[in-house]
Amino acid sequence: MPIDFHDPNNRWTYTTREADPTWSAFIRANADVSNKRVADIGCGGGIYTKALFQMGASHVMGVDFSEEMLKAAANNCKDIPNAAFLKGDAYQTNLPANEVDIVLERALIHHLNDLEACFKEAHRIMKAGGVLIIQDRTPDDGLLPGDEHHLRGYFFERFPGLKGKEITRRHDSGQVQHALESAGFRLVHTARLWETRREYKNQEELAADLLRRTGRSILHELNDEELQELVSFIARKLETTPPPIVEKDAWTVWLATKQA
């Protein structure tokens, strides 16, 4: 079954890691967040809300449709005075119009059917000249082969039936660009980002993370027995890989601006 973001048992699944420097470096190279007001739409457990403050944002508003995720995000960012969290969704954030400089929508749009409505809401809350950062996987990103870094590829090698679920929930780059332009944005840049997800000290640490399904919604499509089979499969694939195991994910990032 798909992940239930409203289940208290899943509250902490998106709080257990820090944003990697590879991500922060990419954002810094493409958008200046220093002293900016930022909206983190679909903030989950606040991992990237926190990272945006560490990069110099003056204020970040995290928005999520799940009260459980918002509780986790508030706890994750409890030491950040200018973090605020608000219940809303990608189509109705409940944020005021024309107030934020940057909108981040990371790992969000694959949960949505109406991209144009999502981007129109981002356009509404953003100041003229503001930047929209979208980060998600295209079908091509999601189905890259598995290797010692791209562990996600092994999910689909072991369970090919997951490929259909992965493809149907992903948008290709052309769809994203068309929706952005229809919503009034100008696409500035599209890039693939290899973001380091986590470094594991050994196979046991990796196995424990996989078995918890930590931050991996696709693994909620597997039952516990299938998940154990997957963990064993990945262990065999990595049996000659020396520690640490450095896991990386392939993403596509679209950067667009609201016209003045």
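Residues numbered from 1 in each chain as written. Predicted model: local features only at pLDDT ≥ 70, side-chain atom pairs only at ≥ 80, totals over all residues. Heavy atoms only, no water.

## Considering the overall build of the protein
Across its full length, the protein carries 10 helices and seven strands. Computed over C-alpha atoms, the radius of gyration of the protein comes to 18 Å, within 12% of the 18 Å expected from 2.2 N^0.38 for 260 residues, which places it in the range of a compact globule. With respect to the three principal axes, the spread of C-alpha positions in the protein is 55 × 40 × 35 Å. Looking at the 260 residues of the protein, the share that counts as buried comes to 53%. With the model as given, the accessible surface of the protein reaches about 11,600 Å², and the carbon-plus-sulfur share is 49%. Separation between the mean location of the 32 positive side-chain charges and that of the 39 negative ones in the protein comes to 2 Å. (Helix = DSSP H or I, 4+ residues; strand = E, 2+ residues; numbered from the N terminus. Rg over C-alpha atoms; globule rule 2.2 N^0.38 Å. Buried < 20%, exposed > 50% of the residue type's maximum accessible area, 1.4 Å probe, protein only. Areas by Shrake-Rupley, 256 points an atom, 1.4 Å probe, with all protein chains shown as cover. Lys, Arg positive; Asp, Glu negative; His and termini not counted. Charge placed at Lys NZ, Arg CZ, Asp CG, Glu CD.)

## Description of the side chain of Glu166
With respect to the element layout, Glu166 can be found in helix H7 (residues 162-168). Looking at Glu166, the relative accessible area reads 0%, which means it is buried. Within the local environment of Glu166, its side chain forms a polar contact with the side chain of Arg169, the two groups lying 3.2 Å apart. Setting aside residues up to four positions removed in sequence, Glu166 forms contacts with Arg137, Gly142, Leu143, Arg152, Phe156 and Ile218. (Polar contact = N/O pair within 3.5 Å; in protein donor to acceptor, adjacent residues only side chain to side chain. Contact = heavy atoms within 4.5 Å.)

## Here's the deal with the packing of helix H9 (residues 203-211) against helix H10 (residues 224-237)
The geometry of H9 relative to H10 is characterised by a closest axis approach of 10 Å and an angle of 155° between their N-to-C directions. For the element pair H9 / H10, the angle class is roughly antiparallel. The crossing of H9 and H10 is right-handed. Of the residues in H10, those touching H9 at Gln203, Leu206, Ala207, Leu210 and Leu211 are Leu227, Gln228, Val231, Ile234 and Ala235. In the contact of H9 with H10, the residues fall into eight nonpolar, two polar and no charged. (Axes fitted to C-alpha atoms, helices over the stretch in contact; angles between N-to-C directions. Parallel < 35°, antiparallel > 145°, perpendicular 65-115°, else oblique. Left-handed = near helix turned anticlockwise from the far one by under 90°. Nonpolar A, V, L, I, M, F, W, Y, C, P; charged D, E, K, R; others polar.)

## A short note on the sheet that holds strand S2 (residues 59-64)
Taken in spatial order, the seven strands line up as S3-S2-S1-S4-S5-S7-S6 in an open sheet, and their pairing is mixed. The open sheet has two edge strands with one neighbour each: strand S3 (83-87) and strand S6 (185-200). Going from strand to strand, the sheet's axes swing by 20° on average, the running direction of each strand aside. Across 14 bridges, the pairing between S6 and strand S7 (residues 245-258) is antiparallel. Counted as the bridge partner of Glu195 is Asp249 from S7. (Pairing = 2+ DSSP bridges.)

## So, the pattern of salt bridges
This structure, assessed with the given rule, holds 25 salt bridges. Arg192 serves as the salt-bridge partner of Asp141, at 2.6 Å between the closest nitrogen and oxygen. Residue Asp141 is found in helix H5 (residues 139-142), and its partner Arg192 is found in strand S6; the two are separated by 51 residues along the sequence. Relative accessible area serves as the criterion here: at 0%, Asp141 is assigned to the buried category. The partner of Arg212 in a salt bridge is Asp209, with the nearest N and O atoms 3.9 Å apart. Classification of Arg212 by relative accessible area gives exposed; the value is 54%. In this structure Asp209 comes out as buried when scored by relative accessible area, which is 3%. (Salt bridge = Lys/Arg side-chain N within 4 Å of Asp/Glu carboxyl O.)

## Topic: the pairing of S2
Across the six residues of S2, six count as buried, placing the element largely inside the fold. Both strand S1 (residues 37-41) and S2 contribute to a ladder of five bridges, which runs parallel. Looking at S2, one finds that Asp40 is bridged to Gly62. On the question of chirality, the crossover connecting S1 to the parallel S2 by way of helix H2 (residues 47-54) is right-handed. Of the strand pairs in this sheet, S2 and S3 are connected by five bridges, and their pairing is parallel. Within the sheet, the bridge partner assigned to Gly62 lies in S3 and is Phe85. Handedness of the crossover is the feature at issue here: the chain leaves S2, passes through helix H3 (residues 67-76), returns alongside S3, and the resulting connection is right-handed. (Right-handed = clockwise from strand over helix to strand, strands pointing away.)

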